[in-house]
Amino acid sequence: MNYQQTIDYLYSQLPLFTRVGPSAYKANLDNTIELCKRLGNPQHKFKSVHVGGTNGKGSTSHMLAAILQTAGYKTGLYTSPHLKDFRERIRINGQMISEQEVVDFVEKHKTDFEDIRPSFFEMTVGLAFDIFVREKVDIAIIEVGLGGRLDSTNIITPLLSVITNIGWDHMNILGDSLEMIAAEKAGIIKPGVPAVISEYQPEVAEIFIEKARHEHSKISFASKLLKASNVHHADNEVDEFLDVTLQSPNGAVFEFHLDLPGTYQVKNLKAVLCAVRELRLQGFEIGDDQLRSALSKVRLLTGLHGRWETLSKHPLTICDTGHNPEGINEVLQNIAAVDYEKLHFVLGVVNDKDISKMLVMLPSDARYYFCKPDIPRGLEAEGLMQNAESFGLHGEVYPSVKAAFLAARQNAGQNDLVFVGGSTFVVAEVV
């Protein structure tokens, strides 16, 4: 099989969460353990940092990878889902793995897949771990797929566990309370392994503290260690940046020029800096100049897209992958900081989430362009519009994300704002 045939085989043979939803989720680690056993247990053969949470884990993972590779370490990066190309999920020093590596792995282990019947995600975890060992990475940043305790990535014993925040997402799998969701996320905290929690959230903080106590792990809350004293956007004709000044309890001041301009990145940045502190304590040599240089070009170094990303200046067109109430709230705060006359909102969602929490937050004075992301899980645009209208949101239905996007761009005046979001899979079709 060539590369495209290989990807088609994987999509057709293995249960894929992004396409079919919860039925693809395996609530145990059995398949991953068995597959990795047949691969020679690669999960025990490389150093890693494990990154979980509801929102921000992708950005946090990419920032950490950018810093480590800038500091001279051969750095693996495993994230999900991908936007355009399956290989985005597995990078080494920012470069996607080759098509041939995917083909060779599937060809070699096809019999194992047919025997074990792993999910698409379980197979991808095995592929990533296998490649990281063969490429002899110095360290790999491993992003949790869903949850934590039972996520396929949770067979590693990392040097450090990072949990970004806890919010309302995947309740049909993780539980219908923040405490239940937090308990699943806390499952990546390992015996004796330090844990960095991005935000101190009073309603769930004790769950992390108790889990760390049980595992005899050092725990720190980044939001308590670093306070933002100044945050503002700075841009040139091409790129947007976020200038951030942080202060520690001892009065030390840190200034950063971050190429990820969403203001929500401040929370992630705090976790990243606390993670770097822990890695330094474990012997990693990361200079302050390397740290600042890496954070000013995360997108260039790691290929991160879709985080408050400007697609065009005329009219101003921005996309963001925020897709749950907390993520949408951050998006709306950023929209509120933009100077525009009319908001044109290209909106699409998946069909297995309670979208009412999101719809009630959206501005009623925007013009909506309802569409369905091109995956089986996508919610039909007509159904989305009917739901939205019950919350006072009005617009028209379009046959595709592209059609909605083009219509919004055509209807927008030069001083208007076009925003694209609601789902990672909507953003994937416009970046």
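Keep in mind that what you see is a predicted model, and the values were worked out from it rather than measured.

> It is not clear to me how the pairing of strand β15 (residues 367-370) should be interpreted in this structure. Could you clarify?
Within a regular strand, the side chains alternate between the two sheet faces. Taken together, the four bridges between strand β14 (residues 343-347) and β15 define a ladder with parallel strand orientation. Counterpart to Val 346 in the pairing with β15 is Tyr 369. Summarising the sheet, β15 and strand β16 (residues 394-397) pair through four bridges and their orientation is parallel. Across the sheet, residue Arg 367 finds its bridge partner in β16, namely His 394. Read from β15 through helix α16 (residues 381-389) to β16, the crossover connection turns out right-handed.

> How should unusual backbone geometry be read in this particular structure?
Most peptide bonds adopt trans geometry, and most residues besides glycine take a negative phi value. Put simply, Ser 80 and Pro 81 share a cis peptide bond, and its omega is -10 degrees. For Pro 81, the position within the fold is in the loop between β2 (75-78) and β3 (90-92). A cis amide bond, omega -10 degrees, links His 314 with the succeeding residue Pro 315. Tracing the backbone shows Pro 315 in the loop between β12 (309-313) and β13 (316-319). Not every positive phi belongs to a glycine, and Lys 136 is a case in point at roughly 55 degrees. Along the chain, the position of Lys 136 falls in the loop between α6 (120-134) and β5 (139-143). A residue is classified by how much of its surface remains accessible, and Lys 136, at 65% relative accessible area, is exposed.

> Just checking my understanding: could you explain the packing of aromatic side chains for this structure?
What characterises a pair of aromatic rings is the spacing of the ring centres plus the angle enclosed by the ring planes. Counting across every chain of the model gives 13 aromatic pairs. Aromatic pair Phe 105 and Phe 113: ring centres 6.0 Å apart, planes at 45 degrees, arrangement tilted. Pairwise contacts between aromatic rings join Trp 308, Phe 345, Tyr 368, Phe 370 and Phe 419 into one cluster. One residue, Lys 110, lies across the ring of Tyr 9, its end atom 4.9 Å from the ring centre. Between Arg 292 and the ring centre of Phe 256, over which it is positioned, the NZ or CZ distance is 5.3 Å.

> Mind showing me how you'd approach the pairing of strand β6 (residues 160-163) here?
Burial along β6 is two-sided: the residues Leu 160 and Val 162 and Ser 161 and Ile 163 are all buried. The sheet contact formed by strand β1 (residues 48-52) and β6 spans four bridges and is parallel. When the bridges of β6 are listed, His 50 appears paired with Ser 161. Direction of pairing for β6 relative to strand β7 (residues 195-197): parallel, over a ladder of three bridges. Bridge pairing links Ile 163 to Ile 197 in β7.

> Is there a simple way to think about the packing of helix α3 (residues 30-38) against α6 in this case?
In a packed pair of helices, the relevant descriptors are the angle between the two axes and the axis-to-axis distance. Two elements in contact, α3 and α6, have axes separated by 9 Å at closest approach and are oriented at 35 degrees. When you trace α3 past α6, the crossing you get is right-handed. For the pair α3 and α6, contact is made by Asn 31, Thr 32, Leu 35 and Cys 36 and by Glu 122, Met 123, Val 125, Gly 126 and Phe 129, respectively.

> Which parts of the structure should I look at to understand helix α1 (residues 3-13)?
Working note: α-helix, 3.6 residues per turn, so residues spaced by three or four point in the same direction. Looking only at α1, the buried set comprises Tyr 3, Thr 6, Ile 7, Tyr 9 and Leu 10. Down the axis of α1, the buried side of the element spans an arc of 155 degrees, and every buried residue falls inside it. Contact partners of the buried residues in α1: α5 (99-116) and α6. N-cap assignment for α1: the residue whose side-chain oxygen lies 3.2 Å from the backbone N of Gln 4 is Asn 2.

> Please explain the side chain of Thr 32 as it appears in this structure.
Among the secondary structure elements, Thr 32 is positioned in helix α3. Here Thr 32 falls in the buried class, since its relative accessible area comes to 1%. Not counting chain neighbours up to four residues away, the residues in contact with Thr 32 comprise Glu 122, Val 125, Ser 152 and Ile 155.

> Can you walk me through the sheet that holds strand β8 (residues 219-221) in this structure?
Across a sheet, paired strands are connected by hydrogen bonds in the backbone, their directions being either parallel or antiparallel. The strand order across the open sheet formed by eight strands is β4-β3-β2-β5-β1-β6-β7-β8, and the pairing between neighbours is mixed. One side of each edge strand has no neighbouring strand; the edge strands of this open sheet are β4 (95-96) and β8. When β2 meets β5, the two strands line up parallel, connected through four bridges. Bridge pairing in β5 links Leu 77 to Ile 141.

> Would you explain the sheet that holds strand β9 (residues 227-235) in this entry?
One open sheet accounts for three strands, arranged β9-β10-β11; its pairing is antiparallel. The two strands at the open ends of the sheet, each matched to only one other strand, are β9 and β11 (253-258). Going from strand to strand, the sheet's axes swing by 15 degrees on average, the running direction of each strand aside. Relative to β11, strand β10 (residues 240-247) is paired through six bridges, and the arrangement is antiparallel. Bridged to Thr 245 within β11 is Glu 255. Here helix α11 (residues 265-281) sits on the sheet in contact with β9, β10 and β11, set at roughly 55 degrees to β10.

> How should the nonpolar core be read in this particular structure?
Proteins that are soluble and globular tend to have nonpolar side chains buried together. Core analysis: the biggest nonpolar cluster contains 41 residues, and Val 49 and Leu 295 have the highest contact counts within it. Among the elements that line this core, the one with the most residues is α11, at nine residues. With 35 residues, the next largest nonpolar core counts Tyr 9, Leu 10, Phe 46 and Val 102 among its residues.

> Can you walk me through the pattern of salt bridges in this structure?
For side chains bearing opposite charge, pairing can occur when the charged atoms are close. Scanning all chains against the criterion turns up 16 salt bridges. A salt bridge links Arg 38 to Asp 115; its shortest N-O distance comes to 2.6 Å. You can see Arg 38 sitting in helix α3 and its partner Asp 115 sitting in helix α5, a full 77 residues away along the chain. The exposure class assigned to Arg 38 is partly exposed, which follows from its relative accessible area of 35%. Between Asp 85 and Arg 87 there is a salt bridge whose closest N-O contact spans 3.0 Å. Assessed through its relative accessible area of 18%, Asp 85 is described here as buried. The exposure class of Arg 87 is buried, given its relative accessible area of 13%.

What counts and how
Per chain, the residues get numbers from 1 upward, laid out in the order the sequence is written. This being a predicted model, a pLDDT of at least 70 is required before a residue's local features are given, and a value of 80 or more before pairs of side-chain atoms are given or counted; all residues contribute to the totals for chains, interfaces and linings. Here the side-chain values reflect all heavy atoms present in the structure, with hydrogen atoms and water set aside. Note on pairing: two strands pair once DSSP finds at least 2 bridges between them. Working definition: helices are DSSP H or I runs of at least four residues, strands are E runs of at least two. Numbering for both runs from the N terminus. The crossover handedness rule: strands pointing away from the viewer, path from first strand over the helix to second strand clockwise, crossover right-handed. Burial classes follow relative accessibility: with a 1.4 Å probe on protein chains only, a residue under 20% of its type's maximum area counts as buried, one over 50% as exposed, and anything between as partly exposed. In this scheme Phe, Tyr and Trp rings, the latter by its six-membered ring, pair at centre separations within 6.5 Å, and the angle between planes marks the pair as stacked below 30 degrees, edge-to-face above 60, and tilted otherwise. A ring is scored as having a charge over it whenever the NZ atom of a lysine or the CZ atom of an arginine sits within 6 Å of its centre and within 35 degrees of its normal. Each axis is a line fitted through C-alpha atoms, taken for helices only over the stretch in contact, and angles between the N-to-C directions span 0 to 180 degrees. Crossing handedness: left-handed means the near helix sits turned counterclockwise from the far one by under a right angle, and right-handed means the same turn made clockwise. Two residues form a contact once any of their heavy atoms are found within 4.5 Å. The directions considered for the arc are those from the helix axis to the C-beta atoms. Between N or O atoms, a polar contact is any pair within 3.5 Å; within protein, one atom must be a potential hydrogen donor and the other a potential acceptor, and residues adjacent in sequence are included only when both atoms are from side chains. Buried Ala, Val, Leu, Ile, Met, Phe, Trp, Tyr and Cys residues that are joined via side-chain atoms within 4.5 Å together make up what is termed a nonpolar core. Each reported salt bridge corresponds to a side-chain nitrogen of Lys or Arg within 4 Å of a carboxyl oxygen of Asp or Glu.

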